[in-house]
Protein chains: 2
Amino acid sequence: MKADYVIKNAWVYMTFRQCFEKRDVAVSGERIFEVSPEISYQEGNIIDGRGMYLIPGLVDIHMHIESSMTYPMEFSHFGLKAGTTTVVADAHEIANVFGIEGVRTFLEQKTELDIFYAIPSSVPATSMELETSGCSIGEPETEELLQDSRVLCLGEVMNFKSLVPEDGSDTEILRLIRMCQNMRGRDIRLEGHCPKISGRDLNRFIFTGVDADHTQQTEESVLEKTDLGMFLELQKKSLTNGVVETVCKNHLYENVALVTDDTMPDQLLKGQLNQVIVTAVKAGMPVEKAIYCATYTPARRMHLDDRGMIGPGKLADLVLLRNLEDFQPAAVIKGGKLVYQDQEVKGIDSGTISAKKERTDSGKLPFPPHFYHSVHCIQAEPSMFILKAEKPGSKVLANVMKISTFGTATEAVCREIPVRDGQICWQEAGLCLAAVFERYGKNGNIAYGLVEGGFDKPGAAATTWSHDSHNLLVLGNSPEDMALAQNRVLELQGGYVICAGGRVQAEARLNVGGIISDGPLEELAKDLGKVRDVMAELGYRNNNEIMSMSTLALPVSPSLKLTDYGMLEVRSQRQVPLIEEYL
Amino acid sequence: MKADYVIKNAWVYMTFRQCFEKRDVAVSGERIFEVSPEISYQEGNIIDGRGMYLIPGLVDIHMHIESSMTYPMEFSHFGLKAGTTTVVADAHEIANVFGIEGVRTFLEQKTELDIFYAIPSSVPATSMELETSGCSIGEPETEELLQDSRVLCLGEVMNFKSLVPEDGSDTEILRLIRMCQNMRGRDIRLEGHCPKISGRDLNRFIFTGVDADHTQQTEESVLEKTDLGMFLELQKKSLTNGVVETVCKNHLYENVALVTDDTMPDQLLKGQLNQVIVTAVKAGMPVEKAIYCATYTPARRMHLDDRGMIGPGKLADLVLLRNLEDFQPAAVIKGGKLVYQDQEVKGIDSGTISAKKERTDSGKLPFPPHFYHSVHCIQAEPSMFILKAEKPGSKVLANVMKISTFGTATEAVCREIPVRDGQICWQEAGLCLAAVFERYGKNGNIAYGLVEGGFDKPGAAATTWSHDSHNLLVLGNSPEDMALAQNRVLELQGGYVICAGGRVQAEARLNVGGIISDGPLEELAKDLGKVRDVMAELGYRNNNEIMSMSTLALPVSPSLKLTDYGMLEVRSQRQVPLIEEYL
């Protein structure tokens, strides 16, 4: 056995000491063969790493491919370019639409980037009594997924009330946890989602075996959770100076991983987990520690002992960097194969190591035909967006979802709305109307809610990318534009459409299940950029207009949201009427 | 679900921060239920931990129960008393005698201490061409063991030449490694034994996937091995000031575990892994780090994520200590049950937590009947210990094993010995004679070797506890005493016997397979103490007389050793004649 090529003279990351040393690294097949101060190698293939840094491929253990509105093969291309060589994906969006069949289509796609999977544990996010999703993931589906060795964990268990039932009953999520443990023993992880839970409740949560959390952390939550043995997955919003200082001061690098969770299509063009490293470093984490938290620590969390460090026998997943500031790879090697390089790396194009990877384009559709025909609801007409008063009176007191300018939470407020000619004149109150059309052809539900802080100019938006059930959500203040946008999304069989003045102003097609595009990511990102711009022009004020609108339908995100069954107070999981009172 | 009892006011070890904080710890069933600054608990069972330290139960991932010449149930009692609640045992001694059947008898014994297992990878230590063991462990046996979820790893792979064959051939150990990986995927560890291997050879070793080492380390080997991704298991002999300083300076606590490897019966009465912690602290390791390296780090190495720290959901394996100096437990809790307490712990004897564990004594033999009749060779007579010259001459040049006063290595030396009346007069040269009787009834081999540095007064020792094949080894300078000792060991069906002046002076019975005793450990330790004393009285000079003599037959320990096939030069694995030359 001998080496296929050697990377010479780079500063190589020493994982266990978290520092760089000058080393030569030989690769044989898909694995690292030798790491030594000097490897004399006469046989030709040498990559000149002089002046560069060599780190292990990045490992992202909590992320959703569908957040990039794309599919595994396309994600692989851009993930690798960013230096990410392994992810653990929770495909819970495609699972909400197509159930186990959706997850299977992901599992079947061959990618150069290693994609492992989490079992979507909360599909639907609440229950079929509160929202209609396309499918659910229960015990039979979990049993099937557990048989695939690429499935590493149960993904973000989120419903505290089901996990720690007050009456001590045996809930479905507890049965799923037991099934995981019985079928896979030590070889499974239970990943959680436990925002703002502390004290006795946090103890109860972790007692169930669910011992990781990727939600937003504070300095206090970091200390409390890690003291109790919880593994933390920090995404950008958690990487405040205070949180990073707490991690560093207490040397928590073994139990804290960096993750992306959601990366929008336009963000993915610029990077992936490497961008989270940049954020962590800006917040005060030494870069050598940030690398550790994005390679070895996450790999070990998932028992992926074959990667996450540069040593003999490990997978040759390697990233060459020119500097440790922008973290843009000069070259990326996955399983010994060169999969990305920028223009200037010397030596790389000689001989067998020049297998530069072109983007997958086999001409074959990555999904079965019916995945492209999945939006089944009636065509809207403008009259559907006129609210009629059911009792006499001059005004009503209505429950309203107030959109924030930052983040996805809404505030529940009450507003007085005039009633005239039997119509509730929400436009006059400066509100928008939201409507959710059940789009799986199951029950034809249409539910309405009122929104403050949406558009302030006449227009409308409609989308099937509305978490987590992905029903057809319409938002607007012009019934004609609302109907037009809804019709166009239906025609596209999924997407994001913005209308104003009786015309489509911007649109992005999401033709697979209404949530992802099978086209090139660059085009999708461009289209969504236009969608975002027009939404802003129409007066939508939020740091992420698209995510803000799409999560209006997400009944596990605070505090008042709208499903196809109507508005829901999230904490209590109680339905809330649109009209609180006829005045 | 509620707590069964609460340990209040102890200084509780915070694993992720490696420090102590005042906490209350509630236990429910076999698991920790809650860890909080204050748990108000009205229901009775409270252990008063005031002024004491509470740490996780110790986890010893490299050890051999047979080194204590005892059996799992008896080991469990003393291990728990020392604060060890989990071990990973490599039962390669019983495997050498009884093969897979021996390992099965260990696996079948129910113990309160959790005993996980390594697959003995090197049984016999060399090959059946070089030594006769009772049985071997090959592919069918490995396949059987891999099906037991208590088997966590392939144990100490030691033969570098088989692991990295020069001709690139497919050796048995490489097939065993592949079998482990194919059958168990991520859920198996490959443990190595690679003393004094470095540079390119070390890279080749680790490249096979065998990435842990428990042999003696130096400051340099610690750095080189951990830089290459090797996990180190440090036993007492590795814990020099220099090694400990290297570990501490480079914060290698995640990748370095403390282990016992071999604990003699008399040592086990005093402690187990807790004694290694004491040694590490004396060599300069902060005690909070030493605890980490004896709990969380080893548990994680073996993917035992349910233990090694004090947090909700983890196994309630807990040790209460009065101080962090002598590390003698005040109380030990295993899986929520109190299994040991000294006299003075308050609150422990109240209510349901007072289930003080009495030593197992069911009256039933822990092994099948034929395990008590396993020594099958002829009775020696004094004449068997007279060496005859095969050629005429007045003296010979002989190859001699020179015993060291420290450790188990011998030196290969040549000595001139007078010949008279056709007899080689080794006694006149101040030497002892060693003889190995094949004791499995397979081939009746008897082989002889000469020894310098054994007894200097007339006497003899005989034993079946002679690593790793455990044939019947006799050493002495008096043929009558040698025959007597051999006969007595045969009569005992295993043990250690010292004779002088025609009488048995000391003996310890090892009646199970000739290597372990099914009696109480205290008695065995007392008997062995006498054996040790008499050996010293007869002039045997070594820090561990018993281990020194027993390893005279171990053909993987440097440098000249004796098997039932004759003397063997260990490095080259070549046989060496007793008489080098007739002078």
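My aim in this report is to walk through the structure given alongside it, one point at a time.

Calculation criteria
Residues numbered from 1 in each chain as written. Chains lettered and ligands numbered in written order. Predicted model: local features only at pLDDT ≥ 70, side-chain atom pairs only at ≥ 80, totals over all residues. Heavy atoms only, no water. Helix = DSSP H or I, 4+ residues; strand = E, 2+ residues; numbered from the N terminus. Rg over C-alpha atoms; globule rule 2.2 N^0.38 Å. Buried < 20%, exposed > 50% of the residue type's maximum accessible area, 1.4 Å probe, protein only. Contact = heavy atoms within 4.5 Å. Areas by Shrake-Rupley, 256 points an atom, 1.4 Å probe, with all protein chains shown as cover. Lys, Arg positive; Asp, Glu negative; His and termini not counted. Charge placed at Lys NZ, Arg CZ, Asp CG, Glu CD. Salt bridge = Lys/Arg side-chain N within 4 Å of Asp/Glu carboxyl O. Polar contact = N/O pair within 3.5 Å; in protein donor to acceptor, adjacent residues only side chain to side chain. Nonpolar A, V, L, I, M, F, W, Y, C, P; charged D, E, K, R; others polar. Axes fitted to C-alpha atoms, helices over the stretch in contact; angles between N-to-C directions. Parallel < 35°, antiparallel > 145°, perpendicular 65-115°, else oblique. Left-handed = near helix turned anticlockwise from the far one by under 90°. Core = buried A, V, L, I, M, F, W, Y, C linked by side-chain atoms within 4.5 Å. Pairing = 2+ DSSP bridges. Right-handed = clockwise from strand over helix to strand, strands pointing away. Least-squares fit on C-alpha atoms with pLDDT ≥ 70 in both. Patch = residues over 30% accessible without salt bridge, like charges linked within 9 Å, V, L, I, M, F, W, Y side chains within 5 Å. Phe/Tyr/Trp six-rings, centres within 6.5 Å; stacked < 30°, edge-to-face > 60°.

**Section: the overall build of chain A**
- Helix and strand counts for chain A stand at 16 helices and 29 strands.
- By the compact-globule yardstick of 25 Å for 583 residues, chain A fits well, its C-alpha radius of gyration being 25 Å.
- In chain A, which comprises 583 residues, the proportion classed as buried is 64%.
- Counting contacts in chain A only where the partners sit at least 6 residues apart, residues at least 24 apart contribute 67% of the total.
- For chain A, the accessible surface area stands at approximately 21,000 Å², while carbon and sulfur atoms represent 48% of it.
- Positive and negative side-chain charges in chain A, numbering 58 and 80 respectively, have mean positions lying 3 Å apart.

**Side note on the interface of chain A and chain B**
- With 51 residues of chain A in contact, the opposing surface of chain B contributes 51 residues.
- Scanning the region where chain A abuts chain B turns up 16 salt bridges.
- The closest approach of N and O atoms between Asp227 of chain B and Arg23 of chain A, which form a salt bridge, is 3.6 Å.
- In this structure, the connection of chain A to chain B is made through 21 residue pairs in polar contact (both at pLDDT 80 or more).
- Every element with two or more residues in the side of chain A that touches chain B is listed here: strand 3 (31-36), strand 9 (151-157), helix 7 (199-207), helix 8 (219-227) and helix 13 (296-301) of chain A.
- Class assignment of the residues belonging to the side of chain A that touches chain B gives a composition of 23 nonpolar, 12 polar and 16 charged.

**Some points on the packing of helix 4 (residues 139-146) of chain A against helix 6 (residues 172-184) of chain A**
Residue and element names in this part refer to chain A.
- Between helix 4 and helix 6, the least distance of the axes is 10 Å, while the angle of their chain directions is 25 degrees. Taken together, helix 4 and helix 6 sit at an angle that is classed as roughly parallel. Of the two elements, helix 4 crosses helix 6, and the hand of that crossing is right-handed. Contacts between helix 4 and helix 6 involve Glu139, Thr142, Glu143 and Leu146 from the former and Glu172, Arg175, Leu176, Met179, Cys180, Met183 and Arg184 from the latter.
- A class-by-class count of the residues in the contact of helix 4 with helix 6 yields five nonpolar, one polar and five charged.

**Quick look at the nonpolar core**
- Leu258, Leu450 and Tyr496 of chain A together with Leu258, Leu450 and Tyr496 of chain B are the most contacted members of the largest nonpolar core, which totals 369 residues.
- Excluding residues within four positions of it along the chain, Leu450 of chain A makes contact with Leu387, Ala398, Asn399, Val400, Met401, Ile417, Trp426, Leu431, Cys432, Leu433, Met567 and Leu578 of chain A.

**Remarks on the pattern of salt bridges**
- Counting across every chain of the model gives 66 salt bridges over all chains.
- For Arg301 of chain A, the salt bridge identified is with Asp211 of chain A, shortest N-O distance 2.8 Å. A residue pair is termed long-range when its members are at least 10 positions apart, and Arg301 of chain A in helix 13 and Asp211 of chain A in the loop between helix 7 and strand 11 (212-213) qualify at 90 residues.
- Across the pair Asp187 of chain B and Arg184 of chain B runs a salt bridge, and its minimum N-O distance is 3.7 Å. The two residues Asp187 of chain B and Arg184 of chain B agree in class, both being buried.
- Sharing partners across several salt bridges, the network here consists of Asp114, Asp306, Arg307, Asp317 and Lys334 of chain A.

**Considerations on unusual backbone geometry**
Residues and elements named next belong to chain A.
- Of note, the amide linkage connecting His467 to Asp468 takes the cis form, showing an omega dihedral of -15 degrees.
- Mapped onto the secondary structure, Asp468 falls in the loop between strand 22 (460-463) and strand 23 (472-476).
- Positioned with a positive phi, Asp261 is a non-glycine residue whose angle comes to about 60 degrees.
- Relative to the elements of secondary structure, Asp261 occurs in the loop between strand 13 (256-258) and helix 10 (265-270).
- Within the chain, Gln573 stands out as a residue other than glycine whose phi angle is a positive 55 degrees.
- Checked against the element boundaries, Gln573 lands in the loop between strand 27 (566-569) and strand 28 (574-576).
- Given the relative accessible area of 25%, Gln573 is considered partly exposed.

**As for the environment of Glu325 of chain B**
- Its location among the elements puts Glu325 of chain B in the loop between strand 14 (318-321) and strand 15 (329-334).
- Judged by its relative accessible area of 60%, Glu325 of chain B is exposed.

**Description of the pairing of strand 12 (residues 231-234) of chain B**
All names here are of chain B.
- Residues of strand 12 alternate between two faces, with Phe231 and Glu233 on one and Leu232 and Leu234 on the opposite face, all of them buried.
- Pairing geometry for strand 11 (residues 212-213) and strand 12, over two bridges, is parallel. The residue bridging Ala212 from the neighbouring strand is Phe231, located in strand 12.
- Handedness of the strand 11-helix 8 (residues 219-227)-strand 12 crossover: right-handed.
- Regarding the hand of the β-α-β motif, the stretch spanning strand 12, helix 9 (residues 241-249) and strand 13 (residues 256-258) is right-handed.

**Let's talk about the sheet that holds strand 26 (residues 560-563) of chain B**
Residues and elements named next belong to chain B.
- An order of 26-27-28 is seen for the three strands of this open sheet, with the pairing classed as antiparallel. Looking at strand neighbours, the two that pair on one side only are strand 26 and strand 28 (574-576), the edges of this open sheet. For this sheet the average axis-to-axis angle between neighbouring strands, irrespective of direction, equals 45 degrees.
- As paired elements, strand 26 and strand 27 (residues 566-569) share four bridges and run antiparallel to each other. In the sheet register, Leu562 faces strand 27, and the bridge partner there is Met567.

**Brief notes about the relation of the copies chain A and chain B**
- Between chain A and chain B, the superposition needs a rotation of 180 degrees and an axial shift of 0.0 Å, giving an RMSD of 0.1 Å. Such a combination of rotation and displacement between the chain copies is what one expects of a two-fold axis. Among all residues of chain A, the one whose C-alpha sits closest to the rotation axis is Asp187 of chain A, at a distance of 3.1 Å.
- In this assembly the copies share their binding face: 100% of the residues contributing to the interface of chain A also contribute to that of chain B.

**Some thoughts on a positive patch on the surface**
- On the surface, Lys161, Lys196, Arg571 and Arg574 of chain A cluster together into a positively charged patch.
- Structurally, the position occupied by Arg574 of chain A is in strand 28.

**Quick notes on the packing of aromatic side chains**
Residue and element names in this part refer to chain A.
- Counted according to the given criterion, the structure contains 24 aromatic pairs over all chains.
- With a centroid separation of 5.1 Å and 75 degrees between ring planes, the pair formed by Phe20 and Tyr53 is classed as edge-to-face. Of this pair, Phe20 sits in strand 2 (residues 19-28) while Tyr53 sits in strand 5 (residues 53-56), and the two are 33 residues apart along the sequence.
- On the basis of relative accessibility, which here comes to 24%, the residue Tyr53 falls in the partly exposed class.
- Clustering of aromatic rings is evident, with ring pairs tying together Tyr71, Phe98, Phe106, Phe367 and Phe371.

**Regarding the environment of Tyr496 of chain A**
All names here are of chain A.
- Within the element layout of this structure, Tyr496 appears in strand 24 (residues 495-500).
- For Tyr496, a relative accessible area of 0% corresponds to the buried category.
- With 60 residues separating them in the primary sequence, Tyr496 and Val556 have C-alpha atoms 22 Å apart.
- Excluding residues that lie within four positions of it along the chain, Tyr496 makes contacts with Ala462, Thr463, Trp465, Ala506, Glu507, Ala508, Leu528, Val531, Met535, Ile546, Met549 and Ser550.
- Of note is the side chain of Tyr496, whose polar atom sits 3.0 Å from the backbone oxygen of Ile546.
- Polar side-chain contacts of Tyr496 include one of 2.7 Å to the side chain of Ser550.

**Notes on the packing of helix 3 (residues 100-108) of chain A against helix 4 of chain A**
All names here are of chain A.
- Here helix 3 crosses helix 4 at 15 degrees, and the two axes come no closer than 11 Å. Considering the angle they form, helix 3 stands roughly parallel to helix 4. When the axes of helix 3 and helix 4 are compared, the crossing they make is right-handed. Note on element contacts: helix 4 touches helix 3 through Glu141, Glu144 and Leu145, opposite Ile100, Val103, Arg104 and Leu107.
- When the residues that make up the contact of helix 3 with helix 4 are grouped by side-chain class, the tally is four nonpolar, no polar and three charged.

**Things to note about the sheet that holds strand 28 of chain A**
Residue and element names in this part refer to chain A.
- The antiparallel open sheet is built from three strands, whose spatial order is 26-27-28. At either end of the open sheet lies a strand with only one pairing partner, and these are strand 26 (560-563) and strand 28. Here the average twist between neighbouring strands, direction ignored, is 45 degrees.

**Here we look at the environment of Gly284 of chain A**
- Among the structural elements, Gly284 of chain A can be located in the loop between helix 11 (273-282) and helix 12 (287-293).
- For Gly284 of chain A, the residues in contact, after removing those within four places along its chain, are Val244 and Cys248 of chain A.

**Topic: the pairing of strand 2 of chain A**
All names here are of chain A.
- Of all the 10 residues making up strand 2, seven are buried; the element is thus mostly covered by neighbouring parts of the structure.
- Taken together, the eight bridges between strand 1 (residues 5-14) and strand 2 define a ladder with antiparallel strand orientation. Note that in strand 2 the partner of Tyr13 across the bridge is Phe20.
- As consecutive antiparallel partners, strand 2 and strand 3 are separated by two residues, and within that stretch Gly29 has a phi angle of approximately 60 degrees, a positive value.

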